[in-house]
Amino acid sequence: MGAQLRVYKRRIRSVTATKKITKAMEMIAASRVVKAQRKVAASTPYAQELTRAVTAVGTGSNTKHPLTTQAETVTRSAVLLLTSDRGLAGAFNSNAIKAAEQLTERLERAGRQVETYIVGRRGLAHYNFRERKVAESWTGFTDEPTYADAKKVAAPLIEAIETDTADGGVDEIHIVFTEFVSMMTQTALDDRLLPLSLDEVAQEASPQGEILPLYDFEPSSEDVLDALLPRYVESRIYNALLQSAASKHAATRRAMKSATDNAGELIETLSRLANAARQAEITQEISEIVGGASALADATAGSDY
Amino acid sequence: MAAELHVALVAADREVWSGEATLVVARTTSGDIGVMPGHQPLLGVLESGPVTIRTSDGGTVVAAVHGGFISFADNKLSLLAEIAELSDEIDVQRVERELERAKAEGDASAQRRADVRLRAATATR
């Protein structure tokens with residue numbers, strides 16, 4: 001076998017192996033998307049009921065709570081960025097990071113100091129490489145986040161907003177995550193988590209503008225709100241984590257699908273080239289044999305004389 | 001007055017139980033509270049403790065609930081809990097082991113959790 005042909009054969013073998021791997025990853029991601037979607041759906045009743053309850057307390061009482069009142073001058077904001085631990089998901093992580101950077105820029109232009117909190121190794125690596133300050137980070141659970149993980153993430157954020165700004169606390173919390181719109185569409189977006197605007201929440205809870213009943217609070221509306229708001233934040237973060245995970249798997253599936261397609265195309269081109277090389281080799285061999293034979297014939301014919 | 005109320009017991013990651021009931025007893029921070037159909041709209045903070053639901057077909061459902069909220073309006077009662085388990089989901093032997101370990105380690109919150117589970121599990125048997 002000629003050197004050229006051998007090189008082609010080797011490349012075809014290696015691309016075929018890669019194709020098998022990407023195909024397997026595509027299939028794994030596809031099954032995980034379904035699982036992640038199911039988890040998003042399973043967490044919806046809790047989130048819905050909680051939103052309803054928050055609206056009920058927020059509108060049914062005149063309680064002022066640090067988590068619902070906007071500071072007069074916002075000097076420091078926290079940005080929570082949700083990325084994934086692993087790559088191989090197309091532009092999933094870079095989109096989320098880009099959205100966070102745009103938000104950070106916008107906040108800084110408004111004269112605010114920005115503290116960044118990061119979930120996921122990818123986002124953390126991006127910030128560490130650029131030697132930017134990260135207030136806190138969590139890794140290791142982005143593929144299948146649990147409620148306990150969401151609690152872990154929410155705890156320092158809630159603590160930061162409850163601390164006075166002068167003592168190093170923050171005035172508002174933004175979250176950047178990738179919304180799972182559909183199997184084909186996932187969009188990175190930012191959202192203000194706290195302080196809560198109760199009007200928006202109310203809109204979310206009852207879009208038809210149904211009137212909420214006058215609740216009796218046990219033990220008191222302040223205590224209920226105190227207990228309710230952190231849970232609400234946790235549930236929002238949990239939902240964002242789940243959506244991020246579903247989006248990541250969908251992005252992986254898409255990226256791996258195009259990788260598999262590309263590998264297929266590459267194999268086709270390479271086999272064409274390998275065939276041409278083999279044919280050239282055969283042609284060369286034939287012409288060598290023919291040439292050799294005719295040279296030999298010429299030589300014997302010459303010796304007869 | 002409606003004779004039954006719709007109950008939804010939801011944990012953070014799933015709906016644990018839902019159905020019609022005639023009475024729900026839960027423990028709030030200010031004491032046990034019983035909710036029957038037609039109760040005044042209510043929103044309360046739950047303590048960890050067993051929740052008893054008397055279903056409309058005469059059965060009883062007991063669940064261990066660890067923190068959360070109870071909200072009642074329009075004859076719809078929602079019990080929101082971060083963690084909630086039905087009594088028949090609880091493995092008594094495992095919880096007993098957990099209780100012993102928690103006692104040995106002096107972990108008060110783990111001990112309380114195990115205790116609540118155990119009480120919920122034994123309430124129906």
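Owing to the predicted nature of the structure, the values given are computational and were not obtained by experimental measurement.

## What to know about the overall build of chain B
Link 1 in the chain: Broken down by element type, chain B carries two helices and nine strands.
Link 2 in the chain: For a compact globule of 125 residues, the expected C-alpha radius of gyration is about 14 Å, and chain B comes in at 15 Å, within 12% of that figure.
Link 3 in the chain: Expressed as a percentage of contacts within chain B between residues at least 6 apart in sequence, the contacts between residues at least 24 apart total 55%.

## A short note on the interface of chain A and chain B
Link 1 in the chain: On the chain B side, the residues contacting the 24 residues of chain A number 24 residues.
Link 2 in the chain: Those elements that place two or more of their residues in the side of chain A that touches chain B are helix H1 (3-60), strand S6 (216-218) and helix H6 (221-304) of chain A.
Link 3 in the chain: The biggest single contributor to the side of chain A that touches chain B is H1(A), with ten residues.
Link 4 in the chain: Of the residues that constitute the side of chain A that touches chain B, the class distribution is 17 nonpolar, two polar and five charged.
Link 5 in the chain: Across three bridges, S6(A) lies against strand S4 (residues 42-46) of chain B in parallel orientation. Paired with A:Asp216 across the strands is B:Leu42, a residue of S4(B).

## Section: the UniProt feature "domain: ATP synthase F1 complex delta/epsilon subunit N-terminal" (unreviewed entry) in chain B
Link 1 in the chain: Within this structure's numbering, the places UniProt gives as "domain: ATP synthase F1 complex delta/epsilon subunit N-terminal" (unreviewed entry) are residues 5-83 of chain B.
Link 2 in the chain: The distance separating the terminal C-alpha atoms of residues 5-83 of chain B is 23 Å; by composition the span is 0% helix and 75% strand.

## Overview of the nonpolar core
Link 1 in the chain: Grouped together as the largest cluster of nonpolar side chains are 97 residues, with contacts concentrated most on A:Leu80, A:Leu81, A:Val176 and B:Ala63.
Link 2 in the chain: In terms of residue count, the dominant contributor to this core is H6(A) (17 residues).

## Thoughts on unusual backbone geometry
Residue and element names in this part refer to chain A.
Link 1 in the chain: In the Ramachandran plot, Glu-131 falls in the positive-phi region, its phi being about 55 degrees despite a non-glycine side chain.
Link 2 in the chain: Take Glu-131: it is sitting in the loop between helix H3 (121-129) and strand S3 (136-138).
Link 3 in the chain: Using a count of 6 C-beta atoms within 10 Å as the deciding quantity, one classes Glu-131 as exposed.

## A short note on the pairing of strand S4 (residues 172-180) of chain A
Residues and elements named next belong to chain A.
Link 1 in the chain: Among the nine residues in S4, seven count as buried, and that is most of the element.
Link 2 in the chain: Sheet analysis places S4 next to strand S5 (residues 186-194), joined by eight bridges and oriented antiparallel. The residue of S5 that forms the bridge with Phe-177 is Leu-189.
Link 3 in the chain: Joining the antiparallel neighbours S4 and S5 is a turn of five residues.

## Details of the domain arrangement of chain A
Link 1 in the chain: The assigned domain composition of chain A is domain 1 (2-22 + 258-298) and domain 2 (29-256).
Link 2 in the chain: On a C-alpha basis, the centres of domain 1 of chain A and domain 2 of chain A stand 55 Å from each other.

## Details of the confidence of the model for chain B
Note: predicted coordinates in regions of low pLDDT should not be interpreted at a detailed level.
Link 1 in the chain: Across chain B, the average pLDDT comes to 82, with 96% of residues at 70 or higher.
Link 2 in the chain: Interface confidence in the predicted complex, given as ipTM, is 0.77; pTM for the same model is 0.83.

## Notes on the packing of helix H2 (residues 92-109) of chain A against H3(A)
All names here are of chain A.
Link 1 in the chain: At their nearest, the axes of H2 and H3 sit 10 Å apart, and the two run at 55 degrees to each other. Overall, the two elements H2 and H3 adopt an arrangement that is oblique. Considering how the two elements wind past one another, H2 and H3 form a crossing that is right-handed. Together, Asn-93, Ala-96 and Ile-97 of H2 and Arg-122, Gly-123 and His-126 of H3 make up the contact between the two elements.
Link 2 in the chain: The residue makeup of the contact of H2 with H3, split by class, is two nonpolar, three polar and one charged.

## What to know about the environment of B:Thr28
Link 1 in the chain: In this fold, B:Thr28 is placed in strand S2 (residues 14-28).
Link 2 in the chain: Here B:Thr28 is in contact with A:Glu218, B:Ile33, B:Gly44, B:Val45, B:Leu46, B:Glu47 and B:Ile70, once residues within four sequence places are set aside.

## Brief notes about H3(A)
All names here are of chain A.
Link 1 in the chain: If you check which residues of H3 are buried, you get Arg-121, Arg-122, Gly-123, His-126 and Tyr-127.
Link 2 in the chain: For H3, the elements touching its buried residues are strand S1 (76-82), H2 and strand S2 (113-119).
Link 3 in the chain: Just downstream of H3, Glu-131 is the residue with a positive phi angle, here 55 degrees.

## Here we look at the sheet that holds S4(A)
Strand pairing in a sheet takes place through backbone hydrogen bonds and is either antiparallel or parallel in direction.
Residues and elements named next belong to chain A.
Link 1 in the chain: With mixed pairing, the five strands of this open sheet are ordered in space as S3-S2-S1-S4-S5. The outermost strands of the open sheet, each flanked by one partner alone, are S3 and S5. Across the sheet, the mean angle from the axis of one strand to that of its neighbour is 20 degrees, orientation sign disregarded.
Link 2 in the chain: Running over the sheet, H3 touches S1, S2 and S3 and is turned about 135 degrees from S2.

## Here we look at the environment of B:Glu4
All names here are of chain B.
Link 1 in the chain: In this structure, Glu-4 sits in the segment before strand S1 (5-11).
Link 2 in the chain: For Glu-4, a count of 17 C-beta atoms within 10 Å puts it in the partly exposed group.
Link 3 in the chain: Placed 21 residues apart in sequence, Glu-4 and Val-25 show a C-alpha to C-alpha distance of 14 Å.
Link 4 in the chain: The contacts of Glu-4, once residues within four sequence positions are left out, are Glu-20, Ala-21, Thr-22, Pro-37 and Ser-56.

## Considerations on the environment of B:Gly19
Residues and elements named next belong to chain B.
Link 1 in the chain: Looking at the secondary structure, you find Gly-19 in strand S2.
Link 2 in the chain: In this structure Gly-19 comes out as partly exposed when scored by C-beta crowding, with 15 C-beta atoms within 10 Å.
Link 3 in the chain: Between the C-alpha atom of Gly-19 and that of Thr-55, which follows or precedes it by 36 residues, the distance is 7.6 Å.
Link 4 in the chain: Beyond its immediate stretch of four places on either side in the chain, Gly-19 contacts Val-7 and Thr-55.

Rules behind the numbers
Residues numbered from 1 in each chain as written. Chains lettered and ligands numbered in written order. Predicted model: local features only at pLDDT ≥ 70, side-chain atom pairs only at ≥ 80, totals over all residues. Helix = DSSP H or I, 4+ residues; strand = E, 2+ residues; numbered from the N terminus. Rg over C-alpha atoms; globule rule 2.2 N^0.38 Å. Contact = placed C-beta atoms within 7 Å. Nonpolar A, V, L, I, M, F, W, Y, C, P; charged D, E, K, R; others polar. Pairing = 2+ DSSP bridges. UniProt positions renumbered as here; feature names shortened; annotations may be inferred. Core = buried A, V, L, I, M, F, W, Y, C linked by C-beta atoms within 7 Å. Buried ≥ 20, exposed ≤ 12 C-beta atoms within 10 Å, placed from the backbone. Domains from an automatic or database assignment. pLDDT = per-residue confidence, 0-100. Axes fitted to C-alpha atoms, helices over the stretch in contact; angles between N-to-C directions. Parallel < 35°, antiparallel > 145°, perpendicular 65-115°, else oblique. Left-handed = near helix turned anticlockwise from the far one by under 90°.

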